[in-house]
Amino acid sequence: MIDIMKLAEEADTIGISGHIHPDGDCVGSTLGLYNFLKDTYPNKSIRLYLEEIPEVFSFLQRSEEICYEKTDITFDLYFALDCGDEKRLGDFAEQFLSARTTVCIDHHKSNLAFAQENFIVPDSSSTCELIYRVLPKDKMTKEIAECLYTGLVHDTGVFQYSCTSRHTMEAAGFLMEQGIDYSRIVDATYYEKTFAQNQILAKAVLKANLHKGGRVISSYLTAADMKDYGVSTKDLDGIVNQLRITKGVETAIFLYESAPNEYKVSMRSKRIVDVADIAVKFGGGGHARAAGVTMTGEPEDILQTILKEIPDIKDGKTC
Ligand code: AMP
Ligand code: MN
Ligand code: MN
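So, here's what we can say about the structure. Bear in mind the structure is a predicted one, so any value in this text is a computation, not a measurement.

### Quick look at helix H2 (residues 24-40)
Here comes step 1: Here H2 contains 17 residues, and its C-alpha end-to-end distance of 24 Å stays within 8% of the 24 Å for a straight helix at 1.5 Å per residue.
Here comes step 2: For H2, a buried count of 14 out of 17 residues is recorded, marking the element as mostly surrounded by other parts of the structure.

### Observations regarding the coordination of the manganese ion (ligand 2)
Here comes step 1: Surrounding the manganese ion (ligand 2) are the protein donor atoms His19 (NE2), Asp23 (OD), Asp23 (OD) and Asp82 (OD), at 2.2 to 2.6 Å.
Here comes step 2: Each donor residue of the manganese ion (ligand 2) lies on the same chain, and together they follow the pattern H-x3-D-x58-D.
Here comes step 3: In this structure the manganese ion (ligand 3) is found 3.6 Å away from the manganese ion (ligand 2), and aspartate 82 serves as a bridging donor for the pair.
Here comes step 4: Classification of histidine 19 as buried rests on a relative accessible area of 5%.

### Structural notes on the coordination of the manganese ion (ligand 3)
Here comes step 1: Note on the manganese ion (ligand 3): its protein donors are Asp25 (OD), Asp82 (OD), His107 (NE2) and Asp155 (OD). The metal-donor distances range over 2.1 to 2.3 Å.
Here comes step 2: Taken in sequence order, the residues that donate to the manganese ion (ligand 3) follow the motif D-x56-D-x24-H-x47-D.

### A closer look at the side chain of threonine 156
Here comes step 1: Within the secondary structure, threonine 156 sits in helix H5 (residues 142-156).
Here comes step 2: Of the residues examined, threonine 156 reaches a relative accessible area of 0% and is grouped as buried.
Here comes step 3: Here valine 153 takes part through its backbone oxygen, which lies 3.5 Å from a polar atom of the side chain of threonine 156.
Here comes step 4: Not counting chain neighbours up to four residues away, the residues in contact with threonine 156 comprise Ser125, Tyr161, Cys163, Thr164 and Thr168.

### Observations regarding the environment of proline 260
Here comes step 1: Along the chain, proline 260 turns up in the loop between strand S8 (251-259) and strand S9 (262-269).
Here comes step 2: Placed 37 residues apart in sequence, proline 260 and glycine 297 show a C-alpha to C-alpha distance of 9.0 Å.

### Focus on the nonpolar core
Here comes step 1: In terms of nonpolar packing, the biggest core is built from 52 residues, with Ile4, Leu33, Leu37, Phe79, Ile105 and Tyr149 touching the most fellow members.
Here comes step 2: Contact partners of leucine 37, with chain neighbours within four places excluded, come to Ile4, Ala8, Ile14, Ile16, Ile46 and Phe79.
Here comes step 3: In this structure, Met267, Ile278, Ala291 and Ile302 belong to the second largest nonpolar core, which totals 21 residues.

### Structural notes on the sheet that holds strand S11 (residues 290-296)
Here comes step 1: If you trace the 6 strands from one edge of the open sheet to the other, you get S6-S7-S8-S9-S11-S10, paired in mixed fashion. Edge strands, defined here as strands with exactly one partner in the open sheet, are strand S6 (209-211) and strand S10 (285-286).
Here comes step 2: Each of S6, strand S7 (216-221), S8, S9 and S11 touches helix H12 (residues 299-309); the most contacted strand, S8, lies at about 145 degrees to it.

### Observations concerning the pattern of salt bridges
Here comes step 1: What the rule picks out here adds up to 11 salt bridges.
Here comes step 2: When the shortest N-O distance is used, the salt bridge between glutamate 52 and lysine 234 registers 3.6 Å. Here glutamate 52, found in the loop between strand S2 (45-49) and strand S3 (77-81), pairs with lysine 234, found in the loop between helix H9 (223-228) and helix H10 (239-244); they are 182 residues apart in sequence, far enough to count as distant.
Here comes step 3: Residue classification places glutamate 52 among the exposed positions, given a relative accessible area of 53%.
Here comes step 4: Overall, lysine 234 belongs to the partly exposed group, its relative accessible area being 31%.
Here comes step 5: Of the charged contacts, one joins glutamate 170 and arginine 166 as a salt bridge, the two residues approaching to 2.6 Å between their closest N and O atoms.

### Examining the site of ligand 1
Here comes step 1: The full set close to ligand 1 counts 13 residues, and Arg88, His108, Lys264, Ser266 and Arg268 are the nearest of them.
Here comes step 2: At 2.9 Å from an oxygen atom of ligand 1 is found a side-chain nitrogen or oxygen belonging to arginine 88.
Here comes step 3: The separation between an oxygen atom of ligand 1 and a polar side-chain atom of histidine 108 is 2.7 Å.
Here comes step 4: Burial of ligand 1 by the protein amounts to 86% of the accessible area it has alone, namely 480 Å².
Here comes step 5: Looking at the shell around ligand 1, the elements that each hand over two or more residues are S9, S10 and S11.
Here comes step 6: Residues belonging to the shell around ligand 1 are distributed by class as follows: 3 nonpolar, 7 polar and 3 charged.

The rules we used
Residues numbered from 1 in each chain as written. Chains lettered and ligands numbered in written order. Predicted model: local features only at pLDDT ≥ 70, side-chain atom pairs only at ≥ 80, totals over all residues. Heavy atoms only, no water. Helix = DSSP H or I, 4+ residues; strand = E, 2+ residues; numbered from the N terminus. Expected span 1.5 Å × (residues − 1). Buried < 20%, exposed > 50% of the residue type's maximum accessible area, 1.4 Å probe, protein only. Donors = N, O, S within 2.8 Å, 3.2 Å for Na, K, Ca; no water. Polar contact = N/O pair within 3.5 Å; in protein donor to acceptor, adjacent residues only side chain to side chain. Contact = heavy atoms within 4.5 Å. Core = buried A, V, L, I, M, F, W, Y, C linked by side-chain atoms within 4.5 Å. Pairing = 2+ DSSP bridges. Axes fitted to C-alpha atoms, helices over the stretch in contact; angles between N-to-C directions. Salt bridge = Lys/Arg side-chain N within 4 Å of Asp/Glu carboxyl O. Near = heavy atom within 4 Å. Areas by Shrake-Rupley, 256 points an atom, 1.4 Å probe, with all protein chains shown as cover. Nonpolar A, V, L, I, M, F, W, Y, C, P; charged D, E, K, R; others polar.

Following this line, the structure appears as structure tokens:
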């Protein structure tokens, strides 16, 4: 296990980053650690660098301090959180790599242990669960608890997915006791959608197709679809999960156009298919039940390429 206090005490300048296209676990874990470090070491120079975060997370403490532009500062210590490889740090990879000490805290099965110090626990529900483990409990505040609870909720699908464990629930219980409004966090950051987000979700469901006798579901959205509904790629969270809950489906595949001729692929599975293995084959990564990759080409062609990698299922087993 990593000794955060020891690492921080030996550094004057500390940087933190998470993965590109930040999700609830990425925002919650980086802000949770950032808030802890700022509270504990007010005289150190500590900065958090992320891509623009979804508006729903802006209530988290110090989210207004997030830096969105890269820097040429050489940090004494740099944390990469919720990132399986350095590419996933996007524009901030260089400043991470140039730091004197680099640390990775993550739970991706596909993690390459790319830092000098790595705390990688693939069985953990979320990076927030790991940050909870490494932070001294007597330094916990309501505001840090809000950050970490948000990440737990998002990576477990509100404590539903199979990555949820006793450790997750114990962490959640402790965080609830810090006086956070846990119901509001779930509602406002996970379930609530704008009208346009609901409409684009509906569009994706209407466009969906079943494959392999109903075991696989797929859908895709083009840039033109997004334009029609006045939404951006940040408005598409949750679509793949909605596809996944279709009765009889084991694997859900959702693609959206992330740049001309380029698609971001999200995959989810219920019990059997290891979607991380498939994503890794195409240069992506993730977890057995939730993974992603970016691919180029026409969406129908990308889909066919991926479908070929999805094993047939018989009697609840892959074959
Ligand atoms: P998503 O489908 O984007 O929600 O991602 C599902 C999981 O896979 C998350 O844990 C992501 O961090 C991970 N993931 C998504 N895209 C990639 C990628 N291109 N490379 C590595 N991991 C990814
Ligand atoms: Mn994440
Ligand atoms: Mn995560």
